[in-house]
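# Observations on chain architecture
Chain residues, written in single-letter form:
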Amino acid sequence: MKLTIENGDFAGGEGGGDIGGEGFADEGRDNGGFRSDGDRPLSDLLHASRWTRIRTCKELPGSVALVYALRRVLFSDRDAEVRAAAANRLGDLLSRATFSGLTPALVESWLLDALGDPSPLVRDGLLRSLAKIGSAAALPALRELAERDQMWWVRRGAIYAL
């Protein structure tokens, strides 16, 4: 499988499709030479195992490629825990570092767009990330969630983020 990132989306590859899709060999698979800066390949975000995808979200060293890959996971992975891990990691990365070609406003817009996720776990992770970043643009959305979200702990997270 050959994996590249073009315009923030995964492209290329054989035998798979969506993030977390089936059909990827477990160990010893060819990652097409596409590796992150660390030991874990970035393509592990596509692994069939949700635990591998969660661990990969948490452990890969920060890079522009990782930020775009986490965006894709946030919007595409079928597992809420994996999406929540991606949301949390985006906040961690943006609160500690800047990346060439990425503005905080761009990443904030991704986090804000994802606030409509049906999973309260993901919404809570997004709120934590927005709080870490200190997003002023998020204030109206945070107020809305603090007043109207169905889950009490998401409302609490929105209040904390405010």
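See the structure above.
First, a word on what this report is: a plain description of the structure on this page. In this text the structure is predicted, and so the values were computed from the model without any measurement. (Residues numbered from 1 in each chain as written. Predicted model: local features only at pLDDT ≥ 70, side-chain atom pairs only at ≥ 80, totals over all residues. Heavy atoms only, no water.)

### Some remarks on the packing of helix H2 (residues 64–76) against helix H3 (residues 80–96)
- At a closest axis distance of 8 Å, the pairing of H2 and H3 adopts a crossing angle of 145°. By crossing handedness, the relation of H2 to H3 is classed as left-handed. Contacts between H2 and H3 pair Leu66, Val67, Leu70, Arg71, Val73 and Leu74 from the former with Val82, Arg83, Ala86, Ala87, Arg89, Leu90 and Leu93 from the latter.
- Among the residues making up the contact of H2 with H3, the classes are represented as ten nonpolar, no polar and three charged. (Axes fitted to C-alpha atoms, helices over the stretch in contact; angles between N-to-C directions. Helix = DSSP H or I, 4+ residues; strand = E, 2+ residues; numbered from the N terminus. Left-handed = near helix turned anticlockwise from the far one by under 90°. Contact = heavy atoms within 4.5 Å. Nonpolar A, V, L, I, M, F, W, Y, C, P; charged D, E, K, R; others polar.)

### Topic: the packing of aromatic side chains
- Considering all chains together, one arrives at one aromatic pair under this definition.
- Positioned above the aromatic ring of Trp110, the side-chain terminus of Arg71 is 5.4 Å from the ring centre. (Phe/Tyr/Trp six-rings, centres within 6.5 Å; stacked < 30°, edge-to-face > 60°. Lys NZ or Arg CZ within 6 Å of the ring centre and 35° of its normal.)

### Here we look at the pattern of salt bridges
- Applying the stated criterion to the full structure yields nine salt bridges.
- Across the pair Asp92 and Lys132 runs a salt bridge whose closest N-O atoms are separated by 2.4 Å. Within this pair, whereas Asp92 is found in helix H3, its partner Lys132 is found in helix H5 (residues 120–133), the two being separated by 40 residues in sequence.
- Residue classification places Lys132 among the partly exposed residues on the basis of a relative accessible area of 37%.
- The partner of Glu147 in a salt bridge is Arg148, with the nearest N and O atoms 3.2 Å apart.
- On the basis of relative accessible area, Glu147 is assigned to the exposed category, the value being 57%. (Salt bridge = Lys/Arg side-chain N within 4 Å of Asp/Glu carboxyl O. Buried < 20%, exposed > 50% of the residue type's maximum accessible area, 1.4 Å probe, protein only.)

### Regarding the side chain of Asp124
- Residue placement: Asp124 occurs in helix H5.
- Classification of Asp124 by relative accessible area gives buried; the value is 9%.
- Leaving out residues up to four positions away in the same chain, Asp124 has contacts with Trp153 and Gly157.

### Here's the deal with the packing of H3 against H5
- As a packed pair, H3 and H5 sit with axes 8 Å apart at the nearest point and diverge in direction by 0°. Here H5 runs roughly parallel to H3, going by the angle between their axes. Along its contact with H3, which presents Ala80, Glu81, Arg83, Ala84, Ala87, Asn88, Leu90, Gly91, Asp92, Leu94 and Ser95, the element H5 presents Leu121, Val122, Gly125, Leu126, Arg128, Ser129, Lys132 and Ile133.
- When grouped by side-chain class, the residues that make up the contact of H3 with H5 number nine nonpolar, five polar and five charged. (Parallel < 35°, antiparallel > 145°, perpendicular 65-115°, else oblique.)

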